Amino acid sequence: MESRLAARPERLKLESDLFRFWSSLDDGARYHPADDMVLRHAEHHFNLQCLPAAYYGPLKNAPVVLLFLSPGFDISDLDHANSIEGQTWYASQRSGTAPLPTEQDHAALFQWWTGICRPFRLDPDQIRHKLAILNLGAYKSVDFRDWHMLSALPSSRKALDWVQSVLFPQAEGGERVVVCLRSAKHWGLRTAEGGPYGEALFAPSVTRAGHMLHGDLRERIIRVIQARLRG
């Protein structure tokens, strides 16, 4: 993979932009400075007492990436935001190289991501260094209702630009497996066929919670993901 990526320096530059964008935050920052004006001027339901969560896991080089809409809210998120340990952990996630959390790192998030990955039938310890989750919106809420913010927030536009310029071409070329599990149309995909687009970009039909509906495409995606995560 590295040799194929190295042949496209313009793509590597774009890739690093996303991680520089988020890694520039102070550890305790509740929002990205680029989003300040929109967050102050527009009505929204984000809980800005929490730390932003644009992505989790080793997004820089994970062989499997799952796309979602936005992070949910758990009461423990407030404790994380107000503790040095929590702030340090979120800062490590923004590097794009840290693994997905263990139950000790973040119990609520661990329960969520292992539930999403249960159909893959793999040990969480086996895959937490190989799978990443990217959100279109970085701010937490109990129930996402702020569709208008996705086009207004610079951070959401940054995620979309990076996905369409870097991640989707990688998936279409087979360098990574990318599966959209929420709000495909906002990522620029359609679910009528579900994919694959190219070699390994999928947008299957899903439930509101992000679980793939049963069928042949679901089984195909599971097999493809298992092969990448076991490799």
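Computed from a predicted structure; not experimentally measured.

Turning next to the confidence of the model for the chain. If pLDDT is low for a region, its predicted coordinates should not be looked at in detail. Averaged over the chain, the pLDDT score is 92; the fraction of residues at 70 or greater is 93%. Under a pLDDT of 50 for its full length, residues 1-7 has, in the predicted model, eight contacts with residues more than four places off or in other chains.

Nonpolar side chains tend toward joint burial in soluble globular proteins. Grouped together as the largest cluster of nonpolar side chains are 40 residues, with contacts concentrated most on Trp 22, Leu 59, Leu 67, Leu 134 and Trp 162. Residue assignment for this core shows that the elements contributing at least two residues are α2 (9-23), α3 (36-41), β2 (64-68), β3 (131-135), α8 (149-152), α9 (154-172), β4 (177-180) and α10 (184-187). No other element matches the seven residues that α9 contributes to this core. By size, the runner-up hydrophobic cluster in this structure holds 30 residues, among which are Ala 53, Val 179, Ala 200 and Ile 222.

Attention now moves to α9. If you check α9, its first and last C-alpha atoms are 26 Å apart, about what 19 residues at 1.5 Å a residue would give, namely 27 Å. Within the span of α9, buried status applies to Ser 155, Ser 156, Ala 159, Trp 162, Val 163, Val 166, Leu 167, Phe 168, Gln 170 and Ala 171. Note on α9: the residue one or two positions beyond its end, Gly 174, has a positive phi of about 85°.

To continue, consider the pattern of salt bridges. Following the criterion strictly, the structure yields six salt bridges and no others. A salt bridge links Lys 140 to Asp 77; the shortest N-O distance between them is 2.8 Å. Of this pair, Lys 140 sits in the loop between β3 and α8 while Asp 77 sits in helix α4 (residues 76-81), and the two are 63 residues apart along the sequence. Salt-bridge contacts for Asp 105 lead to Arg 128; the nearest nitrogen and oxygen are separated by 3.7 Å.

On to unusual backbone geometry, then. With phi around 55°, Arg 121 is a residue other than glycine that occupies positive phi space. Counting through the fold element by element, Arg 121 comes out in the loop between α6 (107-117) and α7 (124-127). Given the relative accessible area of 54%, Arg 121 is considered exposed. Of note, Ser 183 is a non-glycine position whose phi angle comes to about 55°, a positive value. Locating Ser 183 in the fold gives a position in the loop between β4 and α10.

With respect to the element layout, Glu 43 can be found in the loop between α3 and β1 (55-56). A residue is classified by how much of its surface remains accessible, and Glu 43, at 71% relative accessible area, is exposed. Distance in space between the C-alpha atoms of Glu 43 and Asp 146 is 8.4 Å, their sequence separation being 103 residues.

Here we take up helix α11 (residues 216-230). Relative to the 21 Å expected for 15 residues at 1.5 Å per residue, α11 spans 21 Å between its end C-alpha atoms, a close match to the ideal helical length. Among all positions in α11, only Arg 218, Ile 221, Ile 222, Ile 225, Gln 226 and Leu 229 are buried. What you see down the axis of α11 is that its buried residues fit within an arc of 135°, all on one side. With respect to the buried face of α11, the exposed residues turned more than 90 degrees away are Asp 216, Arg 223 and Ala 227. Of the surrounding elements, those touching the buried residues of α11 are β2, α7, β3, β4 and β5 (201-202).

A separate point is the packing of aromatic side chains. Scanning all chains against the criterion turns up 10 aromatic pairs. Note on Phe 21 and Trp 22: the rings are 5.4 Å apart at their centroids and 85° apart in plane angle, and the pair reads as edge-to-face. Trp 22 carries the same exposure label as Phe 21, and that label is buried. Judged by centre distance (5.1 Å) and plane angle (85°), the ring pair of Trp 89 and Tyr 90 falls under edge-to-face.

So, how was this worked out
- Residues numbered from 1 in each chain as written.
- Predicted model: local features only at pLDDT ≥ 70, side-chain atom pairs only at ≥ 80, totals over all residues.
- Heavy atoms only, no water.
- pLDDT = per-residue confidence, 0-100.
- Contact = heavy atoms within 4.5 Å.
- Core = buried A, V, L, I, M, F, W, Y, C linked by side-chain atoms within 4.5 Å.
- Buried < 20%, exposed > 50% of the residue type's maximum accessible area, 1.4 Å probe, protein only.
- Helix = DSSP H or I, 4+ residues; strand = E, 2+ residues; numbered from the N terminus.
- Expected span 1.5 Å × (residues − 1).
- Salt bridge = Lys/Arg side-chain N within 4 Å of Asp/Glu carboxyl O.
- Arc of directions from axis to C-beta.
- Phe/Tyr/Trp six-rings, centres within 6.5 Å; stacked < 30°, edge-to-face > 60°.

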